[in-house]
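# Structural characterization, general
As a plain string of letters, each chain reads:
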Amino acid sequence: MDRLIRAAGRCALAFLLVLGVVALLPRSLRDAVPNAVIGGAVLLLVGVSSSRRMARRPR
């Protein structure tokens with residue numbers, strides 16, 4: 001259960017991070033970026049953070 005809560009927290013953090021970056025873009029560029037690209041960026045961030053955690057040796 002603890003792993004599930006941590007994974008959900010990482011997903012939420014990645015989502016908010018991507019939304020913050022998109023909010024900083026100029027309006028014309030923001031309108032040109034498809035929603036699928038934003039979702040893909042969130043999945044990429046979560047995947048990278050998860051794979052980095054899996055690569056560590058257990059304590």
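Just so we're clear, the structure is a prediction, and the values are computed from it rather than from any experiment. (Residues numbered from 1 in each chain as written. Predicted model: local features only at pLDDT ≥ 70, side-chain atom pairs only at ≥ 80, totals over all residues. Heavy atoms only, no water.)

As a further point, take the overall build of the protein chain. The secondary structure content of the protein chain amounts to three helices and zero strands. Scanning the protein chain from its N terminus toward the C terminus, one meets helices and strands in the order α-α-α. Of all 59 residues assigned to the protein chain, the portion counted as buried reaches 12%. Only carbon and sulfur atoms are counted for the fraction: they give 68% of the accessible area of the protein chain, which is about 5,200 Å². (Helix = DSSP H or I, 4+ residues; strand = E, 2+ residues; numbered from the N terminus. Buried < 20%, exposed > 50% of the residue type's maximum accessible area, 1.4 Å probe, protein only. Areas by Shrake-Rupley, 256 points an atom, 1.4 Å probe, with all protein chains shown as cover.)

With 23 residues, helix α1 (residues 2–24) ought to run about 33 Å at 1.5 Å a step, and its terminal C-alpha atoms sit 33 Å apart, in line with that. For α1, the set of buried residues is Ala14, Val18 and Val22. (Expected span 1.5 Å × (residues − 1).)

Moving on, we come to the confidence of the model for the protein chain. Parts of the model with low pLDDT should not have their predicted coordinates read in detail. For the protein chain, per-residue confidence averages 77 on the pLDDT scale, and residues scoring 70 or more make up 86% of the total. Taken element by element, the protein chain is modelled with least confidence in helix α3 (residues 35–55), mean pLDDT 75, and with most confidence in helix α2 (residues 27–32), mean pLDDT 84. (pLDDT = per-residue confidence, 0-100.)

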